[in-house]
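A structural walkthrough
One-letter residues, chain by chain:
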Amino acid sequence: MVGLDRDPAKRDAFAAGRSPVAEPELDALLAAGRAAGRLHVAEALDAWCHRLDLAMVCVGTPGGADGALALDQPLAAVAELGRVLRRRRAAAPLLVVLRSTLPPGATETRILPLLAELVGAPPGERYDVALNPEFLREGTALRDCRTPARIVIGERAPGVTGRLRGLHAAPTAPLFEVPFRVAETVKLVDNSFHALKVAFANEVGRLCLGQQIDPQAVMDLVLADRQLNLSPAYLRPGGPFGGPCLPKDLAATVALGRAQGVALPLLEAALASNRAHLAHLLAAIGALVAPPGPLLQLGLSFKAGTDDLRGSPLVELARALLAAGYELRLVDPDLDPERPPRDGAAGPAAAALRRLDPDLDRAMAGARLAILGKPLPALRARLPADLPLLDLTRLRAVHPPPDAGPA
């Protein structure tokens, strides 16, 4: 193994078997590697270019003033590898492994074109590229390496990164081989989620202390719920939250903070984010199909198994689509014409309720887009394969895309 760094102080530390950063156990491992002759230090790769099987790019991507990641260091490292690869004579292709945090699309639009230009050949025969984001925490990096929660490998095509599997010391950890953009994004989303959790807990702390309540006792009860709070529940992209409880209680919590003079910007932003998500969905529908459509909406009550229309984002969606001039057909098996739903004909759902049709075949005739608002597997199974579907139960790209239709 050979290590390359432009900083002479770091090279000197590695050459002496010392870590240039404070990290438990790392000094001993480096010293053992140097003593065994398995760890080498170089200023340039020229002398090693024909012996390499795998090159790992582990350089920084600091954030700029606007928050965007700077790619100068990984691009410089990849450029050096590209020049080496042009001269390299070896039977097996060199696997270039990117460990740096990259923005989505950087590997496809910046790294691969740069390598192809410098090497004079596309990936495949002389080299290939993998993205292996690291999820290591300072101070526990070795422990995180030995017992990872999962291993993520972004690859250009299935199977080209097989050599990477043997590098990980935790063969029992789940391994995910995914497209480059997924691997790039998950690192950013992971750390954003961690930051979100810290900020949420601290807002709870401020709110509780303002009421002379022990915040640790409150969070003990929150953390005791492993069915919803500490679980995959509510963590799949889909439709906005709604119903009679979540919006009301979130707004009440924000109001309580305001009354105390306690800032709760994260919780306030959750309400704004929910409104923004509905606006995003409406814009996405408008980009897919222009009024008058027609559109088919499956679901009006706020979740499956209930006829409750109070606070339903599907009611808001229907009202906005009608206001935008769409011909809207509505089907909801949870709404019984013989039993008035909560928030009935005189409420905000009145206009939408008049569009309800118990006959799915009639409702979907001529529809250019179906919108699935809640889990209704029996109805979904009856949708034709060529009817474009916007699934709000698990948000994905619409497929097949709608035809252009009338302007």
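Structure first, text after, so check above.
In this numbering scheme, every chain counts its residues from 1 along its sequence in written order. Residue-level local features of this predicted model are given only where pLDDT is at least 70; pairs of side-chain atoms are given and counted only at 80 or more, and the full residue set underlies all totals for whole chains, interfaces and linings. As a rule here, side-chain values come from all non-hydrogen atoms in the structure, and water together with hydrogens is ignored.

Here's the deal with the overall build of the protein chain
- Secondary structure follows DSSP: runs of H or I at least 4 residues long count as helices, runs of E at least 2 residues long count as strands, and numbering of each begins at the N terminus. Each helix and strand in the protein chain was counted, giving 13 helices and 11 strands.
- We take the radius of gyration over the C-alpha atoms and set the globule estimate at 2.2 Å times the residue count to the 0.38 power. Taken against the 2.2 N^0.38 rule, which gives 22 Å for 407 residues, the C-alpha radius of gyration of the protein chain at 27 Å runs more than 25% over that of a compact globule.
- A principal-axis box enclosing the C-alpha atoms of the protein chain has dimensions of 80 × 60 × 40 Å.
- With a 1.4 Å probe rolled over the protein chains alone, any residue whose accessible area is under 20% of its type maximum counts as buried; one over 50% counts as exposed, and the rest are partly exposed. Across the 407 residues of the protein chain, 38% fall into the buried class.
- In this count, Lys and Arg are taken as positive residues and Asp and Glu as negative ones, while His and the chain termini are left out. A single reference atom marks each charge: NZ on Lys, CZ on Arg, CG on Asp, CD on Glu. Here the protein chain contributes 46 positive and 44 negative side-chain charges, whose respective centroids are spaced 3 Å apart.

Focus: the sheet that holds strand E10 (residues 369-372)
- Pairing between two strands requires that DSSP report at least two bridges joining them. The 4 strands lie next to each other as E9-E8-E10-E11, forming an open sheet whose pairing is parallel. On the outer flanks of this sheet lie strand E9 (328-331) and strand E11 (389-391), each paired with one strand and no other. The mean angle between the axes of side-by-side strands here comes to 20°, regardless of whether they run parallel or antiparallel.
- Here strand E8 (residues 295-298) pairs with E10 via 4 bridges, running parallel. Each residue of the ladder has a partner; that of Leu-298, found in E10, is Leu-372.
- Contacts between residues were defined by any pair of non-hydrogen atoms, one from each residue, lying within 4.5 Å. For every element, the axis is a line fit to its C-alpha atoms; helices are fit only across the contacting stretch, and the angle between N-to-C directions ranges from 0 to 180 degrees. Contacts between helix H10 (residues 313-323) and the sheet are confined to E8, E9 and E10, with E8 contributing the most and set at about 165° to the helix.

Here we look at the sheet that holds strand E7 (residues 175-178)
- Reading across from one edge, E3-E4-E5-E6-E7 is the order of the 5 strands in this open sheet, with mixed pairing throughout. With one partner strand each, in any of the chains shown, strand E3 (54-57) and E7 form the two edges of the open sheet. Pairs of neighbouring strands in the sheet enclose a mean axial angle of 25°, with direction left out of account.
- Taken together, the 5 bridges between strand E4 (residues 94-98) and strand E5 (residues 127-131) define a ladder with parallel strand orientation.

Considering the packing of helix H9 (residues 265-288) against H10
- Across the interface, H9 lies against H10 with an axial gap of 11 Å and an inter-helix angle of 45°. Here H9 is positioned oblique relative to H10, judged by the angle of their axes. Considering how the two elements wind past one another, H9 and H10 form a crossing that is right-handed. Of H10, the residues touching H9 (which contributes Leu-278, Leu-282 and Ile-285) are Pro-313, Glu-316, Leu-317, Ala-320 and Leu-321.
- Following the grouping adopted for this structure description, the nonpolar residues are Ala, Val, Leu, Ile, Met, Phe, Trp, Tyr, Cys and Pro, the charged ones are Asp, Glu, Lys and Arg, and the polar ones are all others, Gly among them. For the contact of H9 with H10, the residue count by class is 7 nonpolar, no polar and 1 charged. Put simply, angles under 35 degrees are roughly parallel, angles over 145 are roughly antiparallel, angles from 65 to 115 are roughly perpendicular, and the rest are oblique. Whether a crossing is left-handed or right-handed is set by the direction in which the near helix is turned from the far one by less than a right angle, anticlockwise for left-handed and clockwise for right-handed.

Structural notes on the pairing of strand E6 (residues 151-155)
- Taking burial as the measure, the 5 residues of E6 include 5 buried ones, the bulk of the element.
- Here E5 pairs with E6 via 2 bridges, running antiparallel. Each bridged residue has a counterpart across the sheet, and for Leu-131 the counterpart in E6 is Gly-154.
- As judged from the 4 bridges shared by E6 and E7, these two strands associate in the parallel manner. Its bridge partner lying in E7, Val-152 is registered against Phe-176.

A few points about unusual backbone geometry
- With omega at 10°, the peptide bond leading from Pro-291 into Pro-292 counts as cis.
- Residue placement: Pro-292 occurs in the loop between H9 and E8.
- Residues Gly-293 and Pro-294 are joined by a peptide bond in cis, for which omega reads 0°.
- Positionally, Pro-294 belongs in the loop between H9 and E8.

Describing the side chain of Asp-391
- With respect to the helices and strands, Asp-391 occurs in strand E11.
- Polar contact criterion, stated in full: a pair of N or O atoms within 3.5 Å, where within protein one must be able to donate a hydrogen and the other to accept it, and residues adjacent in sequence count only if both atoms are side-chain atoms. Within the structure, Asp-391 has its side chain in polar contact with the side chain of Arg-380 (distance 2.5 Å).

Points about empty space enclosed by the protein
- Buriedness for pockets is judged along seven lines, at least five of which must meet protein on both sides within 12 Å for an open set on the 1 Å grid over protein atoms alone, while cavities are sets there where a 1.4 Å probe fits but cannot get out, and lining residues have an atom within 4 Å of a point. Grid points are joined across faces, edges and corners, and a volume is the space filled by probe spheres set on the points. For the structure on display, the rule yields 1 cavity of 30 Å³ or more.
- Roughly 30 Å³ of volume is contained in the largest cavity.
- In terms of lining residues, the largest cavity is bounded by Ser-100, Thr-101, Leu-102, Leu-131, Pro-133, Ala-183, Glu-184 and Lys-187.
- Among the elements that make up the lining of the largest cavity, the one with the highest residue count is helix H6 (residues 180-210) (3 residues).
- Its residues assigned to classes, the lining of the largest cavity comprises 4 nonpolar, 2 polar and 2 charged.

Here's the deal with the pattern of salt bridges
- Salt bridges, as used here, are contacts in which a Lys or Arg side-chain nitrogen is within 4 Å of a carboxyl oxygen on Asp or Glu. Under the definition given, this model contains 20 salt bridges.
- Glu-43 is the partner of Arg-11 in a salt bridge, and the nearest nitrogen-oxygen pair spans 3.8 Å. Here Arg-11 is found in helix H1 (residues 8-15), whereas its partner Glu-43 is found in the loop between strand E2 (40-42) and E3, with 32 residues between them in sequence.
- For Glu-203, the salt bridge is made with Arg-206, and the minimal N-O distance between the two is 3.7 Å. With Glu-203 and Arg-206 both in helix H6 and 3 residues apart, this pair spans about one turn of that helix.
- Given a relative accessible area of 36%, Arg-206 falls into the partly exposed group.

From the geometry alone we can't say anything about function, so treat these as descriptive.
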